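Here is what each chain is made of, one letter per residue.
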Amino acid sequence: MVNSQETAPDTMSATEQKVRHDLAACYRLIAHFGMDDSIYTHISAHVPGEPGVFLINPYGHLFRDITPESLVKVGMDGRPVAPTPYDVNPAGFTIHSAVHGGRPEVGCVLHTHTVAGVAVSSLACGLQPVNQWALQFYNRVAYHDYEGIALDLDERERLVADLGPHKVMILRNHGLLTTGATVAEAFILMLNLDRACRVQLAIQSTGQATYPVSPQVSERTARQYASGDTNRLPGAPDASEREWRALLKLVERPPAA
């Protein structure tokens, strides 16, 4: 049931309703795959047609419990622009306002503290091109040095500068960040990035040498990922949308009787 202080669906545009639906589902998928961190980390999505306005989770809710109605709509000053009884994670606001403000073409920003992601972020070598998932990000990962918990707004400028034109950034000693034109794209990137980190740690735990992949094949593989599903027919959804539609079935709630 929608809280009386939450934004009711009939007051929203159809595009905002769609983004809210996808973002809430993304939170639940992150929980489903065990990529959440209690009430911490955050995912945001730009509200179409409203520059400088984005949706983010109500601070204090488990990701599995996020609904489209409970998402908080905030502006670049950190203040809610629609009625809400909820607060916003200050560190979440710093990171997400930085990206949405500096990269207005980004539709969704996703940040995690998974064990594998934090582990790889803490390695001097960073993410290594040693498996197919990792090759998706070959020469396409930015890095941002740890400055403490992201509470200082002046860190936003450095976050955006380090991210540059990339869709993926590893926050040193902290975790992972992905962006996408859509919620679907940001989520699939994160799913693959975390898998790449888990495989890297599994490989490193053996103590054995990795079998090398040439720079030429690494770049070719990254370009294949970037171009989407090369086997799709004209008019068919791209790879991220195709996978997203399938994954939604894991968290979609059946209609009430």
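Residues numbered from 1 in each chain as written. Predicted model: local features only at pLDDT ≥ 70, side-chain atom pairs only at ≥ 80, totals over all residues. Heavy atoms only, no water.

**Side note on the packing of aromatic side chains**
Stage number 1. Under the criterion given, the structure shown has five aromatic pairs.
Stage number 2. With a centroid separation of 6.3 Å and an interplanar angle of 65°, the aromatic rings of Y40 and Y59 are classed as edge-to-face. Residue Y40 is found in the loop between helix 1 (14-32) and strand 1 (42-46), and its partner Y59 is found in the loop between strand 2 (54-56) and strand 3 (72-74); the two are separated by 19 residues along the sequence.
Stage number 3. Plain terms: the ring middles of F54 and F93 are 6.4 Å apart, the flat faces sit at 20° to each other, and that makes the pair stacked. Pair noted here: F54 is in strand 2 and F93 is in helix 2 (residues 90-102), with a separation of 39 residues, a long-range link.
Stage number 4. Taking the relative accessible area as the measure of exposure, F54 reaches 1% and is therefore buried.
Stage number 5. A relative accessible area of 10% means that F93 is categorised as buried. (Phe/Tyr/Trp six-rings, centres within 6.5 Å; stacked < 30°, edge-to-face > 60°. Helix = DSSP H or I, 4+ residues; strand = E, 2+ residues; numbered from the N terminus. Buried < 20%, exposed > 50% of the residue type's maximum accessible area, 1.4 Å probe, protein only.)

**Things to note about unusual backbone geometry**
Stage number 1. Located in the positive-phi region is N139, a residue other than glycine, with phi close to 55°.
Stage number 2. Within the secondary structure, N139 is located in the loop between helix 4 (132-135) and strand 5 (141-144).
Stage number 3. At N173, a residue that is not glycine, the phi angle is positive and equals roughly 60°.
Stage number 4. With respect to the secondary-structure elements, N173 resides in the loop between strand 6 (168-171) and strand 7 (175-180).

**As for the packing of helix 2 against helix 5 (residues 155-163)**
Stage number 1. Following both chains from N to C, one finds helix 2 and helix 5 inclined at 55°, their axes separated by 9 Å at the closest point. Between helix 2 and helix 5, the interaxial angle falls into the category oblique. The chirality of how helix 2 crosses helix 5 is right-handed. Where helix 2 approaches helix 5, its residues F93, T94, I95, S97, A98, V99 and G102 are matched on the opposing element by R156, L159, V160 and L163.
Stage number 2. A per-class count over the contact of helix 2 with helix 5 returns seven nonpolar, three polar and one charged. (Axes fitted to C-alpha atoms, helices over the stretch in contact; angles between N-to-C directions. Parallel < 35°, antiparallel > 145°, perpendicular 65-115°, else oblique. Left-handed = near helix turned anticlockwise from the far one by under 90°. Contact = heavy atoms within 4.5 Å. Nonpolar A, V, L, I, M, F, W, Y, C, P; charged D, E, K, R; others polar.)

**A word on the sheet that holds strand 6**
Hydrogen bonds along the backbone pair up the strands of a sheet, which may run parallel or antiparallel.
Stage number 1. Strand order in the open sheet formed by seven strands is 3-2-1-4-7-6-5, with mixed pairing between adjacent strands. At either end of the open sheet lies a strand with only one pairing partner, and these are strand 3 and strand 5. The average undirected angle you get between the axes of adjacent strands in this sheet is 20°.
Stage number 2. Where strand 4 (residues 108-112) meets strand 7, five bridges bridge the pair, whose relative direction is antiparallel. In the strand pairing of strand 7, L110 is matched with T178.
Stage number 3. Across the sheet, helix 2 is in contact with strand 1, strand 2, strand 4 and strand 7; its angle to strand 1 comes to roughly 35°.
Stage number 4. Set on the sheet, helix 6 (residues 183-206) makes contact with strand 1, strand 4, strand 6 and strand 7; between it and strand 7 the angle comes to about 150°. (Pairing = 2+ DSSP bridges.)

**Concerning the pattern of salt bridges**
Stage number 1. Counting across every chain of the model gives 12 salt bridges.
Stage number 2. With a closest N to O distance of 2.8 Å, E219 and R140 form a salt bridge. Note that E219 is positioned in helix 7 (residues 215-227) and R140 in the loop between helix 4 and strand 5, a separation of 79 residues in sequence.
Stage number 3. Via salt bridges that share partners, E16, R20, E50 and K73 belong to a single interconnected network. (Salt bridge = Lys/Arg side-chain N within 4 Å of Asp/Glu carboxyl O.)

Spatial relationships are all this shows, so hold off on functional conclusions.
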